[in-house]
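# Analysis of the macromolecular model
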Amino acid sequence: MKEENSVKQKDLISIIIPVYNAKLYIERCIQSICNQTYSKIEIILVDDGSTDGSSDICDQIERKDQRIKVIHCKNGGAASARNRGLDIAQGEYIMFVDSDDYIDLQLCQVLLDNLKRYHAECCICGYQIIEDKKAGICVNVDEIAAFSGREAIRKRYIEEKDYVNIINPWGKLYHWRMWEQLRFTSGMYYEDLDVMPYLYLDCGKVVCIPEVGYYYVQRIGSCSNGIDSDDKRYIDSLIIRKKHISFFKQNNELELAYSIMEKTIELIITSDCRNWIPASYKKESRQLFHSYMKELVAKRKFTAKDKIRCLVYGYLGKRIYNICASFFRV
């Protein structure tokens, strides 16, 4: 792993923002960060080959605040941009913010205070979804909850606690050690999901706080919406799940492996019924489906209804499965 800055500045928060064609949003995002009540921050703007004028906006803002650093690079995706930021980050703590989102003015202070108070390596705040400039649902915990990284993964994947927001890189503060030997996988969809188990499995403590401090803006046409826009989305999703199942088995986290198997089966069934599986992956998808189904049945991880629906799909095909779909939803 490339380590350009082994000595970190105490109490400095490095905030990494990948920027790609966010002309309409980037100023609001940066303003919410520059105006933080906690001022010991560095703001790293990684312009990922923007073509809409975002690059010029970043340069103009850099001249107004000495805490801002701008990196211009060829378009390589959010993972590559975040990695560039991690390579030059000087801070003892790391935060990610997406360029179309914004944060509460006290968020840095609140996250840092709680991270230190609970001797945690990661502090997660609540977030609110903003769609078409309207405030949507909030996702947050009712009261402060702290647990190990392994417990955090179980709560998110097995108990399905959405407030344990370990899938997205944003909405949290990390101690830099969590990223010391780890980077995002470039050139892959769902790169934030991909890195999750390696980031958290050996994390000492994660603390979730009830404060809603991150505002997640959903843009129509965003690359994160849907899985059917191209073949690579399905392929990458399948590759990531296979990697996670293998990783959890290697680390004796079998319940987590089984949970991902269940989600992979759902991915295959849903994608096949909607004709989203590329021809080159149909054979492997069927093989994985039968392999995971047999293992889950043997481990008694299926309810009777789940077992029936998988048998119908696996042996009678998606046409019969679709006919029976209303029964399975009951």
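Above: the structure in question.
Residues numbered from 1 in each chain as written. Predicted model: local features only at pLDDT ≥ 70, side-chain atom pairs only at ≥ 80, totals over all residues. Heavy atoms only, no water.

## Some remarks on helix α2 (residues 54–62)
- Listed as buried for α2 are S54, S55, I57, C58 and I61. End-on, the buried residues of α2 take up no more than an arc of 165°, which puts them together on one face.
- Buried residues along α2 sit against β1 (9–19), α1 (26–34), β2 (41–48) and β3 (68–73). (Buried < 20%, exposed > 50% of the residue type's maximum accessible area, 1.4 Å probe, protein only. Helix = DSSP H or I, 4+ residues; strand = E, 2+ residues; numbered from the N terminus. Arc of directions from axis to C-beta. Contact = heavy atoms within 4.5 Å.)

## A closer look at the side chain of H290
- Following the sequence through the fold, H290 ends up in helix α9 (residues 282–298).
- In this structure, H290 is in contact with G314 and Y315, ignoring residues within four places of it in sequence.

## Examining the nonpolar core
- Formed by 67 residues in total, the largest nonpolar core has its most connected members in I94, I153, Y174, W179, Y200 and I265.
- Among the elements that make up this core, the one with the highest residue count is helix α8 (residues 254–273) (10 residues).
- Not counting chain neighbours up to four residues away, the residues in contact with Y200 comprise C122, G149, R150, I153, I166, K172, Y174, M178 and V206.
- In terms of nonpolar packing, the next biggest core, distinct from the first, is built from 41 residues, I30, I57, V110 and L115 among them. (Core = buried A, V, L, I, M, F, W, Y, C linked by side-chain atoms within 4.5 Å.)

## Thoughts on the packing of α8 against helix α10 (residues 304–316)
- Viewed as axis vectors pointing N to C, α8 and α10 meet at an angle of 50°, and their least axial separation amounts to 12 Å. Put simply, α8 runs oblique to α10. Note that α8 runs across α10; the crossing there is left-handed. Between α8 and α10, the residues in contact are I265, E266, I268, I269 and D272 and R309, C310 and Y313, respectively.
- Tallied by class, residues from the contact of α8 with α10 come to 5 nonpolar, no polar and 3 charged. (Axes fitted to C-alpha atoms, helices over the stretch in contact; angles between N-to-C directions. Parallel < 35°, antiparallel > 145°, perpendicular 65-115°, else oblique. Left-handed = near helix turned anticlockwise from the far one by under 90°. Nonpolar A, V, L, I, M, F, W, Y, C, P; charged D, E, K, R; others polar.)

## A short note on the packing of aromatic side chains
- One pass over the full model with this rule turns up 14 aromatic pairs.
- With a centroid separation of 5.1 Å and an interplanar angle of 85°, the aromatic rings of Y127 and W170 are classed as edge-to-face. Linking Y127 in strand β6 (residues 122–131) with W170 in the loop between α5 (149–157) and β9 (172–175), this pair joins segments that are 43 residues apart in sequence.
- Overall, Y127 belongs to the buried group, its relative accessible area being 12%.
- For the pair W170 and Y214, a centre-to-centre distance of 4.6 Å together with 10° between the ring planes defines the contact as stacked. (Phe/Tyr/Trp six-rings, centres within 6.5 Å; stacked < 30°, edge-to-face > 60°.)

## What to know about the pattern of salt bridges
- Under the defined criterion, the tally for this structure stands at 19 salt bridges.
- The residue E159 makes a salt bridge to K155 at a minimum N-O spacing of 3.5 Å.
- Residue class for E159 comes out partly exposed when judged on its relative accessible area of 41%.
- Of the charged contacts, one joins K249 and E295 as a salt bridge, the two residues approaching to 3.0 Å between their closest N and O atoms. A residue pair is termed long-range when its members are at least 10 positions apart, and K249 in helix α7 (residues 231–250) and E295 in helix α9 qualify at 46 residues.
- Assessed through its relative accessible area of 22%, E295 is described here as partly exposed.
- Within the structure, one salt-bridge network assembled from shared partners comprises R150, R154, D202 and E253. (Salt bridge = Lys/Arg side-chain N within 4 Å of Asp/Glu carboxyl O.)

## Some thoughts on the pairing of β9
- Because side chains alternate across β9, one face comprises the buried residues K172 and Y174, and the other comprises L173 and H175, equally buried.
- Sheet topology places strand β4 (residues 91–96) next to β9; 2 bridges connect them, and they run antiparallel. Of the residues in β9, the one forming a bridge with I94 is Y174.
- Bridge count for β6 against β9 is 3 bridges, and the pairing is antiparallel. Pairing of C122 across the sheet is with Y174, part of β9. (Pairing = 2+ DSSP bridges.)

## Thoughts on a nonpolar patch on the surface
- A surface patch of nonpolar side chains, amounting to about 320 Å² of accessible area, comprises L311, Y315 and L316.
- As for its placement among the helices and strands, L311 is situated in helix α10.
- With relative accessibility at 36%, the residue L311 sits in the partly exposed group. (Patch = residues over 30% accessible without salt bridge, like charges linked within 9 Å, V, L, I, M, F, W, Y side chains within 5 Å. Areas by Shrake-Rupley, 256 points an atom, 1.4 Å probe, with all protein chains shown as cover.)

## Quick look at the environment of E191
- Tracing the chain through its elements places E191 in helix α6 (residues 191–200).
- Contact partners of E191, with chain neighbours within four places excluded, come to A78, A79, R82, F184 and T185.

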